[in-house]
Every structure is written in C-alpha cells, then in structure tokens.
Amino acid sequence: MDVLALSRIQFALTAGIHYLYPPLSIGLGVMLVVMEGLWLKTHLPIYHQMARFWTKVFALTFSIGVATGIVLEFEFGTNWATYSRYVGDVFGSALAAEGIFAFFLESGFLAVLLFGWNRVSRPVHFFATCMVCLGAHFSAIWIVVANSWMQTPAGFHIVGEGMKARAEITDFWAMVFNPSSMDRLFHTLCGAWQAGAFLVVSVSAWYLLRGKHDQFARGSLRLGLLFGLIASLLQLVSGHSSAQGVARHQPVKLAAFEGLYETASNAPLALFGWVDEKHERLVGPRIPGLLSFLAHNDASQPVVGLREAAIDPKDRPPVNLAFQLFHLMVAVGFGMILVSALGLLYFRRGSFFERRWVLWLLVLSVLGPQIGNQAGWFAAEVGRQPWIVQGLLRTSEGLSAVVKADTVLTAIILFSAIYLLLFSVFVYLLNDKIHHGPDETDLVPSGKLALPERRKP
Amino acid sequence: MTFGSLDLNSTWFIVIGALFTGYAMLDGFDLGVGALHLFTKTDEERRIMINAIGPVWDGNEVWLVTGGGALFAAFPNVYATVFSGFYLAFVLLLVALIFRAVAIEFRSKQPMPWWRRMWDIGFSAGSIVSSLLIGVAMGNIAWGIPLDERGEFAGTFRSLLGPYPLLLGVTTVALFMMHGAIYALIKTEGALHDKLRGWINNCIIFFITCYAVTTMATLLYVPHMAARVRANPWLFSIALLNMLAIANIPREIHHGRDWRAFLSSGVAMIALMGLFGLEMYPNLVLSNPTPANSLDIHNAASSQKTLAVMLTIALIGVPVVLAYTVSIYWIFRGKVKLDKMSY
C-alpha cells in the first residue's frame, strides 16, 4: 500500500478509537453535574453515592481519552505535514485555543473532582465538577470548529502559489462561525450526551437484572433515561438542521449520503439500500419527494445529484460507503429515541421486572450511541473526500513529503498494539468497577463531607 | 545584540519558549519521579510515589499539548517539518507517554503482584524514554538538522541519534530525576523521605556530571550555541545564575529546606531554557550543513493576523490557567496520605 492509503488508515484508526472515549466523558460530565447538583440541593445520600460511583467511571474514560488524544494532535504534523503548512494559520489557532481553554480546565479541575472530596467544601467540589464538564464541552467546541472549517471553509484567503500556497485568516469570527460549525457542534454534543446517558442506563439496567444495588440502580436509571431521551430528541432536531446545512453547502456529500445521481425535484429519500457505483444507480425502497422536502422544506425543490455536483467521478467520495454509514447513523438515531421512550414508559409503570427483555434492551443500548457516533463521524469525513479541505486541498496533496510507507506501517503496528492493550485494559477495569458496584459507605458521608452545611444567620 | 523591537513573531518565540519551559518544570518532576520509581521497593512506597504526582501529572502534560498546539498555530512550518522529520521519534514518544499515563491509572486497580510489577516497569520505562526523547529532540534542534530548500527534513531516523543529541537526552533524564527527587522529598514523610534524602545526592552528582560534560561539548563542538553570549558578555550573567541555582540545590537540601531546593531547580531550568532560546533566536530549526535553509520566526510563521488573534487568546487564557493551576497545587499541598480514592 502507498503512503496515502496507510496514512488514512492510521488516522482513521487513531481517530476512531479516540472517539470512543471523549463522548463518554462529555456525556458523563453532564450526568455528574446533575447528580452532584441534586445532592447539594436535596442532601439525599443516594445522590452522593451516585456521584462518587460515576466519577470513578468518568475518570477511567477521561484518562484513556487524554492518552489517545495526544496522538491526534501530533499526527497532523507527522503524517499530514503539507496539510499542516496549508491550514496552520487557521487550524492551529483553534487547536491552541483548545489547549488553553479546554485541556487546562479539564485536567486541572479533574484533580479536585477525583481527589478533592475530603479537601474542599461541597460547593467548591461542585464548582470543580462543573468546570470539568465545561472543559470537556470546550474541547468539543474547538475541535469541531476546526473540522467544520475543513468542511465549509470561511473567513480566510489563499496566499502564495503552488507548493507555497496556504490559507490565512482574514476574519477570525467568520472562521469560527463558518456555515457548518454550529450545526455540527450541536450534533456532536447531542451524540456525546447520548453516549454518557446510555452508559449510565446500561449499567443500571444490568444491576436491576441482577437484583443488585436496587436503590442506586433505579436512581441512576431514571436520570440516565431522562437525559437520554432529551438528548435523543434534540439529536433529531440537530440532525435535520445539519442535513439542511449539508444540502446548502456540500451538495456532493448530500447526494452521496442519499445515493442520488440525477438532479431531481421531488427527490426521493432512500430508507435503506445499496448503491451500484458502477452503473450509478441506487437499489432500495424510496419515499418520493421526502428528500426534497427535508432538504428544502419544499417537495418540489430540486436536489442536486452527483452527475451535476461532481461531474468527474474523481471528485466524488466513495458513494456506497458514505450512503451506508449515513443510513446506519440515522437508523441508530431513531432507535435511541424509541429505546429511551420505551424504557421511560416501563419505568413509570414500574413493570420492569416482568419484562426482562426491556432491561436487556437497555443493557445493550450503550452500543447505540457508540455505533451512531462512529458511523456519523466516518460519514462526515468520507463524504468530504477526495478533499481534505473542501474545494481547496485534496487529501492526497496533504501528506508529509518526507515520510515513507514502511515508516507509517511501523507506526500503525505500534499504535494498533498499544491501542489493543488500552482497549482490553479499559474493558477489564470497567467490568471490574461495575462488578464492584457503588460503595455502600458513600451513603454515609465522612470527613469534610459530613460537616453540617453552613446555615444562613 | 539586537533583539530589535519586540514584534509579534518574537513575542510568539518567547511564548512558545515559556510554554516548553513550563512543561519542563512541571512534567519534568513527574517524569523524574517515574524514573526513580523502580528504586523504591515496597508496594506502599510505590503507591506514595505515584500519588505524589497523582493529582497533577495530567495537568502537567497539558503544557506539552498546548505547546504543540501553539507551535502549530504560530509556526506551522516548524511544526510540519519537525513532526514529519522526527516521525519515528515522535511515535515512540507518544507510545511512551501513553504507556506511562495508563500505567499510573491502572497500577493500583488490581492487587496481584504481577499486575503491579508490570505497570511499575511500564511507568518507569515510559518516563525514562519520554525524558530521553525530549532531550534528544532538543539536542537535534541545537546541533542543527539537514533541511532542503523547501524546509523539509532531509535526514533519517538514525541520523537523529548522534552523540550530541544523545548526550542531551541523558542530561535531560538526569535533570528530571534530580527535579523529581526533590519534589518527592517535599511530598513524603517518614522512612521513604529519609531514603529519598539519601538518594538525592546521587541524583545531584549524576546531573552535575552530565551538565559539565554537556557544557564542555557545547562549547567545543556546537560553538554557534554560545555565540551570542560570547558577543555580549553581560549575558553571561544568565549562565552564572544557572550555575549558582544549581550550586544552591545541595545547600538547601543540606539545610532541609526542600521547597527552596525545588525552586532553585526550577530557576536553573528557566535559565537553561533562556540560554537555549537566546542562542537559537531568531531561528527555530537550524539547518546543518546549509544554514540558509533554516526555519526562523519569519519564514516559518503564520500571518500577522493569526499571531495577533492568538496573542489575544493567550492573554485571556493564560492568567486564568495560572490562577487555577496555583490554586490546585495549593489544595493538594502537604504530604501524601493514601486513602480509598488514591491510585
């Protein structure tokens, strides 16, 4: 294989594995703020126990997220040096802002969140929890802004020619609020909230199935399901808005997502199917007019097809792959709404124990957001191909000039080995924490936590 | 000497220097604690060593991430050339840093001796390899690396492992070990504290030996790294400050003033990085053998607009970061006590 293919594999591998963890941290971060906030408000020790247990799970996902994330920051330079030179002026500032605003905030206050229970007062600890959660959200903001700029570049001009050409910022805020960044940020965050919420749901449902930690599991499950349902419904809104943005700004991507070759008014929406790229046609059931309606709020509006948007097949992404990933993501999105609504319904009725299949469904629900997030992220990136920066720089032009294929292969092997190790240790320890369960002593706060709340005079 | 009027490019040269100095001073001690880790024998001692850095190592590593991000943003050509040129070295550094982070996190999660021993070795090896590679990278930057006319690295991985860079690598390990030993001294009490006090002399001797050899080698073989001080004798005061700070360390240790020893070690690092920066300026990567291809603060920089925007970001962000970093160190002041939340 050549350097291009290997470098793309390396990036997909490292980014894909990294992306298993930060969404969990972001989602769990919100859950922690809610749990600890409820504890401060109600003084019920069950919320303290929940906050303590989920903090441990959070710490696990966070540390692996950091470890796998450093790789990505260095990878732009190691594998994509030409790209780095080209976009450094734009992309670099977002990355530096991420370091200053997000990473310091997260890692600094994480110390207080994890080790500060007996060292600081309750409100200070709660403040630290909020800051960790905020930091996790900030990191999503800057990286999604940078990536969105690659999808829909704005606020820049090109300076220099040929190998010396590069993008320079002309308007910082236009760069930050480029046409796709807010839609994609909201979409990413909803996915992250779902990931955190359904992890809580899954573990709690497992405890209920086993008949363990009943009070803890019910409390966590209720919060997880509520948050999961809210996030899943918001995801629907955000997904729709995001897709309309793609229709406006990246017609090639939308056409690939839907396997649409011929520009058509009343364009149909495919439910599922298979794109025959050779004969440029789509096989599968379609609902006429729905794509036009969803994209433009008007069924009679035309949706641009691939033959018009990208005349040369070289300018098209791998259509079937983009189609399948996109449809997988959408299917999972609807699935999560169903699952959380169903779970909440039976939870209200209190008839979980007669319907063990519902609990089993909830245990498995943790996979949903992970599959959806991965499929969605891959769809977004595959759909942009062959461009690394939409319309400006091709992926094949972004490579490091001096790096050889066997070097990249060595790196892939090293990273695969260490990521495999990381992943197995993660699963092992998560499993261990779940088996160990919440600490019963946490129901009786001790040390500084046991001090009476200061009352107003 | 002419530093000229301080333009944006020079300001960013200083900011990035400051970020990497901050990294060396902070992550330096936790890498050093890692390098010393295997010298402790009992499980409790090892847990105390890890928990001495437990709440802060993660934040310390962020200095490297932010330094890398700032380099990308301010001098993208340097970022691209160095990271693609030092490809395997950086991959190894990443693997070492990851392994180390994971080892800290997972070591004490299971009681089995084989499990703990495995992660102990991982933690220590990861720390030593990371320190060594950071030093080797600095050594190559100082010595100069072959660059072609497009500013691309024209050497190989093997060519990066010259004697001078390796020497700087070992010196960095020694420096971090000494720095880490002093930090561990501050954070421990009782038998382990007394044991560390015994080791610290060896650490100091190891470092001062490396330091002397490096200084001689630099003066003899890398004369361009002493040219500015030679031309401007008053700058020798920085070198003098550096030497006095180092000499002050054993003195403070002898009097049992561990905090002041730690501060001395920090000052020594600042002076060393200051000298390094002064000699490099305005170059960021020296091209050796064709100096004309060197990357400097002008030909490698982002646009003035970006440098200005980022300076605004830094001016807003950095004071906040410093304020809460100090508060967090304050919250976790005092000797390490193991409890159920400890590593």
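The present account deals with the structure reproduced in this document. Note that this is a predicted model, so its numbers are computed, not measured.

### Section: the overall build of chain B
- What chain B contains, in helices and strands, is twelve helices and two strands.
- What you see in chain B, going N to C, is helices and strands ordered as α-α-α-α-α-α-α-α-α-α-α-β-β-α.
- Its C-alpha radius of gyration of 20 Å places chain B within 12% of the 20 Å reference for a compact globule of 343 residues.
- Overall size of chain B, expressed as C-alpha extent along the three principal axes, is 55 × 40 × 35 Å.
- Evaluated residue by residue, chain B yields a buried proportion of 62% over its 343 residues.
- Sequence-distant contacts in chain B: of pairs separated by 6 or more residues, those separated by 24 or more amount to 79%.
- Entry remark: accessible area of chain B is about 13400 Å², with carbon and sulfur atoms responsible for 72%.
- Charged side chains of chain B number 23 positive and 20 negative; the gap between the two group centres comes to 7 Å.

### Section: the pattern of salt bridges
- Evaluation of the coordinates by the stated rule reveals 15 salt bridges over all chains.
- Between Arg394(A) and Asp315(A) there is a salt bridge, with the nearest N and O atoms lying 2.7 Å from each other. One end of the pair, Arg394(A), is in strand S10 (residues 393–394); the other, Asp315(A), is in the loop between helix H11 (306–309) and helix H12 (319–349), and 79 residues separate them in sequence.
- Exposure remark for Asp315(A): the relative accessible area of 24% places this residue in the partly exposed category.
- Put simply, Arg257(B) and Glu252(B) hold a salt bridge, and the shortest N to O gap is 2.6 Å.
- The class of Arg257(B) is partly exposed, set by a relative accessible area of 29%.
- Through salt bridges with shared partners, one network takes in Asp43(B), Arg46(B), Arg107(B), Arg116(B) and Asp120(B).

### Section: the packing of aromatic side chains
- According to the stated counting rule, one finds 39 aromatic pairs over all chains in the structure shown.
- Ring centres of Tyr79(B) and Phe83(B) lie 4.6 Å apart, and the angle between their planes is 35 degrees; this geometry places the pair in the tilted category. Here Tyr79(B) and its partner Phe83(B) are both found in helix H4 (residues 76–85), four residues apart, which amounts to about one turn of the helix. Note on accessibility: Tyr79(B) and Phe83(B) belong to one class, buried.
- Ring pairing ties together the aromatic residues Phe11(A), Phe74(A), Phe76(A), Tyr83(A), Phe72(B), Tyr79(B), Phe83(B), Phe86(B), Phe90(B) and Phe153(B), which thus form one cluster.
- The aromatic ring of Trp387(A) is capped on one face by Arg394(A), whose charged end is 4.4 Å from the ring centroid.

### Some details on a nonpolar patch on the surface
- A grouping of Leu328(A), Leu364(A), Leu367(A) and Ile371(A) is seen on the molecular surface, where their side chains present a nonpolar patch of about 360 Å² in accessible area.
- Within the secondary structure layout, Ile371(A) lies in helix H14 (residues 367–382).

### Re the packing of helix H4 (residues 81–115) of chain A against helix H5 (residues 122–151) of chain A
All names here are of chain A.
- H5 packs onto H4 with a crossing angle of 170 degrees between their chain directions and a minimal axis gap of 7 Å. One element, H4, and the other, H5, form an angle in the roughly antiparallel class.
- Tallied by class, the residues present in the contact of H4 with H5 amount to 27 nonpolar, five polar and two charged.

### Some details on the side chain of Ser7(A)
Residue and element names in this part refer to chain A.
- Summarising the element assignment, Ser7 is placed in helix H1 (residues 3–18).
- The buried category is assigned to Ser7, whose relative accessible area is 1%.
- Other than its neighbours up to four places away in sequence, Ser7 contacts Asn79, Trp80, Leu399 and Val408.

### Remarks on the nonpolar core
- In this structure, Trp54(A), Tyr83(A) and Phe75(B) are the most contacted members of the largest nonpolar core, which totals 237 residues.
- For this core, the element with the highest residue contribution is H4(A), accounting for 19 residues.
- Leave out the neighbours within four places in its chain, and Phe75(B) touches Asn9(B), Trp12(B), Phe13(B), Ile16(B), Ala70(B), Leu284(B), Ile297(B), Ala300(B) and Ala301(B).

### A word on the interface of chain A and chain B
- Across the contact, 74 residues belong to chain A and 68 residues belong to chain B.
- For the pair chain A and chain B, the summed buried surface comes to about 6200 Å²; carbon and sulfur atoms form 74% of the total.
- Area buried by chain A at its contact with chain B is led by Phe74(A), Arg85(A) and Phe104(A), which between them contribute 13% of it.
- Viewed at the interface, chain B and chain A are joined by one salt bridge.
- Between Glu152(B) and Arg85(A) there is a salt bridge, and its shortest N-O distance comes to 3.1 Å.
- Inspection of the region where chain A meets chain B yields 14 residue pairs in polar contact (both at pLDDT 80 or more).
- Counting only elements with at least two residues in the side of chain A that touches chain B, the list comes to helix H3 (45–79), H4, strand S2 (166–169) and helix H15 (405–436) of chain A.
- Among the residues forming the side of chain A that touches chain B, the class breakdown is 44 nonpolar, 18 polar and twelve charged.

### A closer look at helix H1 (residues 8–36) of chain B
- Here H1(B) contains 29 residues, and its C-alpha end-to-end distance of 41 Å stays within 8% of the 42 Å for a straight helix at 1.5 Å per residue.
- Of all 29 residues in H1(B), 22 are buried; the element is thus mostly enclosed.

About the criteria used
Residues numbered from 1 in each chain as written. Chains lettered and ligands numbered in written order. Predicted model: local features only at pLDDT ≥ 70, side-chain atom pairs only at ≥ 80, totals over all residues. Heavy atoms only, no water. Helix = DSSP H or I, 4+ residues; strand = E, 2+ residues; numbered from the N terminus. Rg over C-alpha atoms; globule rule 2.2 N^0.38 Å. Buried < 20%, exposed > 50% of the residue type's maximum accessible area, 1.4 Å probe, protein only. Contact = heavy atoms within 4.5 Å. Areas by Shrake-Rupley, 256 points an atom, 1.4 Å probe, with all protein chains shown as cover. Lys, Arg positive; Asp, Glu negative; His and termini not counted. Charge placed at Lys NZ, Arg CZ, Asp CG, Glu CD. Salt bridge = Lys/Arg side-chain N within 4 Å of Asp/Glu carboxyl O. Phe/Tyr/Trp six-rings, centres within 6.5 Å; stacked < 30°, edge-to-face > 60°. Lys NZ or Arg CZ within 6 Å of the ring centre and 35° of its normal. Patch = residues over 30% accessible without salt bridge, like charges linked within 9 Å, V, L, I, M, F, W, Y side chains within 5 Å. Axes fitted to C-alpha atoms, helices over the stretch in contact; angles between N-to-C directions. Parallel < 35°, antiparallel > 145°, perpendicular 65-115°, else oblique. Nonpolar A, V, L, I, M, F, W, Y, C, P; charged D, E, K, R; others polar. Core = buried A, V, L, I, M, F, W, Y, C linked by side-chain atoms within 4.5 Å. Buried area = accessible area lost by both parts, 1.4 Å probe. Polar contact = N/O pair within 3.5 Å; in protein donor to acceptor, adjacent residues only side chain to side chain. Expected span 1.5 Å × (residues − 1).

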